[in-house]
Amino acid sequence: MSSETLTLQQQQARVKRIEPAVWTALLFWWALVALMTGLPDKVQGFAPPRYVAQTHDIFIGFAVLLSLLTLLSSAAPRLAVLSPLKRSARWLTAIAILTGIWELCTAKLGLLPLPFFAPPRALIEAYVTDWPRLLDSVLHSLRLLALGYVYGSIAGFITGVAIGWSRGLGYWVHPILRFLGPVPSTALLPLSMYFFPSSFSAAVFLIALATWFPVTVLTWSGVASVDNRYYDVARTLGANALFLVLRVAVPASLPSLFVGLFMGLGASFSVLVAAEMMGVKSGLGWYLQWAQGWAAYANMYAALIVMALLFSSLISLLFVVRDRTLAWQRNTVKW
């Protein structure tokens with residue numbers, strides 16, 4: 001039996017193994033639609049709920065789309081576009097179950113009190129009625145995060161390479177790292193508000209500081225752990241010190257550098273939200289504080305979902321950059 005025949009049989013077996021999960025997800029999504037449209041809502045408050053029909057239309061539309069993709073996967077199981085659906089089928093089932101419990105406990109039975117626990121339709125209302133303010137907050141947060149993260153990454157990279165290469169410079173910088181590194185950047189917020197001319201520049205500094213420390217430490221570790229034989233071979237071929245740093249030390253330390261970039265990005269998210277709650281006039285952190293102050297908890301949950309999607313997308317984008325940059329080390333990088 002040829003290898004192509006075995007591969008085809010393996011693909012067919014994989015399709016048969018995954019397809020029931022897709023049908024299960026479809027079943028639960030239509031059950032969620034039946035729950036939302038068939039079971040009446042419990043009367044709560046004085047004003048009638050808004051955007052109920054629009055919410056139902058969104059969930060019905062997603063269930064119809066899932067049905068079409070499921071039928072297409074049955075008719076043409078080898079289409080590459082359907083593989084993400086098969087991989088995420090169990091997650092789609094879990095989301096449908098959790099959304100059904102959420103809808104049941106809030107809108108249908110009223111087990112969770114308003115306004116602290118809003119039903120799904122309240123999120124739709126928040127997005128429809130307050131999208132200009134939310135979009136403006138997202139843009140301001142992206143600008144603030146980009147400036148702080150880029151400045152901190154560049155400074156951390158330069159510092160890490162310098163102290164990893166030069167023991168003399170490391171003698172002076174190591175104590176500073178040990179002294180400032182463990183201190184949370186948000187603890188320096190009062191000082192930064194005093195020394196910087198605006199709350200925006202203070203927030204950029206704090207995000208850069210939170211990014212600088214992990215990038216510096218991991219880059220330093222990567223440069224310091226490069227095998228000396230690489231340097232010996234390069235010196236034998238006539239390489240100078242600058243060539244050793246730029247063409248030997250830095251490429252060999254890139255996996256450690258990307259670990260620092262990931263850690264710095266995660267730290268910058270926390271500092272971003274905390275900094276935006278302390279003086280800036282827009283941003284996701286400011287939006288969360290504003291929504292909580294007005295008891296608009298649906299808007300707060302809507303902002304949290306946007307924040308989670310935004311931050312996870314940035315992490316995924318950094319993974320794409322990492323994979324393309326380290327394509328030549330594909331067999332050595334395991335994360």
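Procedures and definitions
- Residues numbered from 1 in each chain as written.
- Predicted model: local features only at pLDDT ≥ 70, side-chain atom pairs only at ≥ 80, totals over all residues.
- Heavy atoms only, no water.
- pLDDT = per-residue confidence, 0-100.
- Helix = DSSP H or I, 4+ residues; strand = E, 2+ residues; numbered from the N terminus.
- Contact = heavy atoms within 4.5 Å.
- Salt bridge = Lys/Arg side-chain N within 4 Å of Asp/Glu carboxyl O.
- Buried < 20%, exposed > 50% of the residue type's maximum accessible area, 1.4 Å probe, protein only.
- Phe/Tyr/Trp six-rings, centres within 6.5 Å; stacked < 30°, edge-to-face > 60°.
- Lys NZ or Arg CZ within 6 Å of the ring centre and 35° of its normal.
- Arc of directions from axis to C-beta.
- Core = buried A, V, L, I, M, F, W, Y, C linked by side-chain atoms within 4.5 Å.
- Axes fitted to C-alpha atoms, helices over the stretch in contact; angles between N-to-C directions.
- Parallel < 35°, antiparallel > 145°, perpendicular 65-115°, else oblique.
- Left-handed = near helix turned anticlockwise from the far one by under 90°.
- Patch = residues over 30% accessible without salt bridge, like charges linked within 9 Å, V, L, I, M, F, W, Y side chains within 5 Å.
- Areas by Shrake-Rupley, 256 points an atom, 1.4 Å probe, with all protein chains shown as cover.

K.L.:
I would appreciate a short explanation of the confidence of the model for the protein chain in the present structure.
P.N.:
Caution is warranted with low-pLDDT regions, since their predicted coordinates should not be read in detail. The predicted model of the protein chain has a mean per-residue pLDDT of 85, with 89% of residues at 70 or higher. When the elements of the protein chain are averaged for pLDDT, helix 1 (residues 3-38) gives the smallest value, 72, and helix 4 (residues 89-108) the largest, 93. Note on residues 14-18: pLDDT is under 50 here. Beyond four places in sequence and across chains, it has 3 contacts.

K.L.:
Hey, could you run me through the pattern of salt bridges in this one?
P.N.:
Proximity of charged atoms lets side chains of opposite charge pair with each other. For the structure on display, the rule yields 8 salt bridges. Its salt-bridge partner being Arg133, residue Asp130 comes within 2.4 Å of it at the nearest N-O pair. Residue Asp130 and its partner Arg133 are located together in helix 5 (residues 120-165), separated by 3 residues, close to a single helical turn. With relative accessibility at 9%, the residue Asp130 sits in the buried group. Among the salt bridges present, the one from Arg322 reaches Asp323, with a minimum N-O distance of 2.7 Å.

K.L.:
Whenever I open this one, the packing of aromatic side chains confuses me. Can you help?
P.N.:
Working definition: an aromatic ring pair is given by the centre-to-centre distance plus the angle between the planes. Applying the stated criterion across every chain, the model contains 10 aromatic pairs. Consider the rings of Tyr171 and Trp172, whose centres lie 5.2 Å apart with planes at 85 degrees: the pair is edge-to-face. With relative accessibility at 57%, the residue Tyr171 sits in the exposed group. Seen in terms of ring centroids, Tyr287 and Trp290 are 5.4 Å apart; in terms of plane orientation they differ by 45 degrees. Their pairing is tilted. One end of the pair is Tyr287 and the other is Trp290, both in helix 12 (residues 284-293) and 3 residues apart, which spans about a single turn. On the accessibility criterion, Tyr287 (1% relative accessible area) is buried. Its relative accessible area of 22% is what places Trp290 among the partly exposed residues. The rings of Trp29, Phe59 and Phe62 are connected pair by pair, giving a single aromatic cluster. Above the face of the Trp290 ring, Arg133 is positioned so that its terminal group lies 4.4 Å from the ring centre.

K.L.:
Teacher, can you tell me more about helix 12 here?
P.N.:
Burial in helix 12 covers these residues: Leu284, Gly285, Tyr287, Leu288 and Ala291. For helix 12, the buried positions fall inside an angular range of 160 degrees around the axis, keeping them on one side. In the core, the buried residues of helix 12 are packed alongside helix 5, helix 11 (254-276) and helix 13 (297-325). Phi turns positive one or two residues past the end of helix 12, at Ala295, with a value near 60 degrees.

K.L.:
Even after reading the chapter, I still don't get the nonpolar core, so can you show me in this structure?
P.N.:
Buried together is how nonpolar side chains tend to be arranged in soluble globular proteins. In terms of nonpolar packing, the biggest core is built from 43 residues, with Leu261 and Leu318 touching the most fellow members. Elements represented by at least two residues in this core include exactly helix 5, helix 6 (167-180), helix 8 (199-224), helix 11, helix 12 and helix 13. The dominant element in this core, judged by the number of residues it contributes, is helix 11, at 11 residues. Dropping the residues within four chain positions of it, Leu318 is found in contact with Tyr149, Phe258, Leu261, Phe262 and Leu265. Judged by nonpolar contacts, the second largest core, of 15 residues, contains Trp29, Leu32, Val33 and Ala96.

K.L.:
How should I be thinking about the environment of Pro20 in this particular structure?
P.N.:
Tracing the backbone shows Pro20 in helix 1. Distance from Pro20 to Lys86, taken between C-alpha atoms, is 9.4 Å for residues 66 residues apart in sequence.

K.L.:
Can you help me understand the packing of helix 8 against helix 11 in this one?
P.N.:
At their nearest, the axes of helix 8 and helix 11 sit 8 Å apart, and the two run at 160 degrees to each other. Regarding the angle of helix 8 to helix 11, the classification is roughly antiparallel. Judged by the twist between their axes, the crossing of helix 8 over helix 11 is right-handed. Of helix 11, the residues touching helix 8 (which contributes Ala203, Leu206, Ile207, Ala210, Thr211, Pro214, Val215, Leu218, Thr219 and Gly222) are Ser256, Leu257, Val259, Gly260, Leu261, Met263, Gly264, Ala267, Ser268, Val271, Leu272 and Ala275.

K.L.:
When you look at unusual backbone geometry in this model, what are you seeing that I'm missing?
P.N.:
The general pattern is negative phi for most residues beyond glycine and trans for most peptide bonds. In this structure, Tyr51 takes a positive phi of about 60 degrees despite not being glycine. Its place among the elements puts Tyr51 in the loop between helix 1 and helix 2 (52-75). Even without being a glycine, Ala295 presents a positive backbone phi close to 60 degrees. Among the secondary structure elements, Ala295 is positioned in the loop between helix 12 and helix 13.

K.L.:
Looking at this structure, I do not really get the side chain of Thr70. What am I missing?
P.N.:
Counting through the fold element by element, Thr70 comes out in helix 2. Here Thr70 falls in the buried class, since its relative accessible area comes to 0%.

K.L.:
Explanation requested: a nonpolar patch on the surface in the structure shown.
P.N.:
Taken together, Leu27, Phe28, Ile97, Leu98 and Ile101 make up a surface patch of nonpolar side chains, about 470 Å² in accessible area. Counting only elements with at least two residues in the nonpolar patch, the list comes to helix 1 and helix 4. Top contributing element to the nonpolar patch by residue count: helix 4, with 3 residues. Following the sequence through the fold, Leu98 ends up in helix 4. Residue classification places Leu98 among the exposed residues on the basis of a relative accessible area of 57%.

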